[in-house]
Amino acid sequence: MNILITGATGFIGRHLVQRLQQNHHTIKILSRNGKHASQMLGVPAFDWDYATQDVPAEALQDCQVIINLMGENLGDGRWTEARKQEIYASRILSTRKLVAATPDNLQAFICGSAIGIYPGIGDDLYDESYAVPEQLSFMQTICHDWESEAARIEHGGIRRVSIRTGVVLGDGGMLRELLPIFKLRLGGPVGNGKQWLPWIHIDDIVSVYLEAALDTRYQGAINAVSPNPVRYREFATQLGEALHRPSFFPTPAFILKLALGEAAALALNSYHITPKRLLEEYDFKFKFGNLSMALADLFAES
């Protein structure tokens, strides 16, 4: 397949490009720094500033699948009003422009989303049938509007998948931030540790994106999380065991809120999510179904 990817230099994007290359797909990239992206990943890349430019026509030539991973890092600092606008626009505006530039031979539009579309409180278990209410949090607003923009492409008869991604475990993301703390023997649960953590191994999330791109059964919103979520306290304990480090130093919620403001919700919210559609409709096979397997794979040399 001829596949165009945005956000390819990010955590998920790098691994996805590598898998697509192994499977001999033709890949092109849209990036705000095309030269850097091309040198980093070894594939053709085009400069694109979503805020000021339309999608380059040459990037869309012969494109059969678009995989849109573009979005400012949610965990990069406090959510000031200016930062919120950047986070929102990087997802909504980029998606809007990609949909508007749909090439004639496009077969599928695979777009990022996140488990932030769910309430993030309590122990209730949520699947894709959740009805989004009228009153939304900042995270819910981003995800709802992101999916709505992507869904516009369906008016042209093009298959659309919005992948509601959980906490991805691998050589980036949350683990990259936690490892230095745990290696200093200062790791532990965040807040009261009772919040649910919807995790997924990097290999599995890449497989979800790959299957969504190539399998025509995939359609609409899909939860991309492990079938076995854990509470944060259990996650901290198992991470400590995998690293042979203690995991009993808690980070109080008020410290996170002082340091990060509203962005502290990324660590303190509770998301009890099930990948119902992956399991029941698509018979997706998780390579790493439980946390101990995932961490053993990631830290086999630790």
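Rules behind the numbers
Residues numbered from 1 in each chain as written. Predicted model: local features only at pLDDT ≥ 70, side-chain atom pairs only at ≥ 80, totals over all residues. Heavy atoms only, no water. Helix = DSSP H or I, 4+ residues; strand = E, 2+ residues; numbered from the N terminus. Rg over C-alpha atoms; globule rule 2.2 N^0.38 Å. Contact = heavy atoms within 4.5 Å. Areas by Shrake-Rupley, 256 points an atom, 1.4 Å probe, with all protein chains shown as cover. Lys, Arg positive; Asp, Glu negative; His and termini not counted. Charge placed at Lys NZ, Arg CZ, Asp CG, Glu CD. Buried < 20%, exposed > 50% of the residue type's maximum accessible area, 1.4 Å probe, protein only. Pairing = 2+ DSSP bridges. Right-handed = clockwise from strand over helix to strand, strands pointing away. Axes fitted to C-alpha atoms, helices over the stretch in contact; angles between N-to-C directions. Parallel < 35°, antiparallel > 145°, perpendicular 65-115°, else oblique. Nonpolar A, V, L, I, M, F, W, Y, C, P; charged D, E, K, R; others polar.

**Overview of the overall build of the protein**
Part 1 of the argument: Regarding its fold elements, the protein presents 12 helices and 11 strands.
Part 2 of the argument: For 302 residues, the compact-globule estimate of 2.2 N^0.38 gives 19 Å, and the protein sits close to it at 19 Å.
Part 3 of the argument: Each principal axis of the C-alpha distribution contributes one length, and for the protein these read about 55 × 45 × 40 Å.
Part 4 of the argument: Of all intrachain contacts in the protein linking residues separated by at least 6 positions in sequence, the fraction that spans at least 24 positions is 79%.
Part 5 of the argument: In the structure as shown, the protein presents an accessible area of about 13700 Å², 51% of it carried by carbon and sulfur atoms.
Part 6 of the argument: Separation of charge centres in the protein, based on 28 positive and 33 negative side chains, amounts to 5 Å.

**Structural notes on the pairing of strand S1 (residues 2–6)**
Put simply, side chains in a regular strand alternate between the two faces of the sheet.
Part 1 of the argument: Counting buried positions along S1 yields 4 of 5 residues, so the element is predominantly enclosed.
Part 2 of the argument: Alignment of S1 against strand S2 (residues 26–31), held across 5 bridges, turns out to be parallel. Paired with Thr6 across the two strands is Leu30, which belongs to S2.
Part 3 of the argument: After leaving S1, the chain enters helix H1 (residues 11–22) and then returns to the sheet as S2, a path that is right-handed.
Part 4 of the argument: Sheet topology places S1 next to strand S4 (residues 65–68); 4 bridges connect them, and they run parallel. Counterpart to Thr6 in the pairing with S4 is Asn68.

**Here's the deal with the packing of helix H4 (residues 81–100) against helix H5 (residues 138–151)**
Part 1 of the argument: Relative orientation of the contacting elements H4 and H5 amounts to 10°, with a least axis distance of 8 Å. In terms of their interaxial angle, H4 and H5 are classed as roughly parallel. Two secondary-structure elements touch here, H4 through Lys84, Ile87, Tyr88, Arg91, Ile92, Thr95, Arg96 and Val99 and H5 through Phe138, Thr141, Ile142, Asp145, Trp146, Glu149 and Ala150.
Part 2 of the argument: In terms of residue class, the contact of H4 with H5 is made up of 8 nonpolar, 2 polar and 5 charged.

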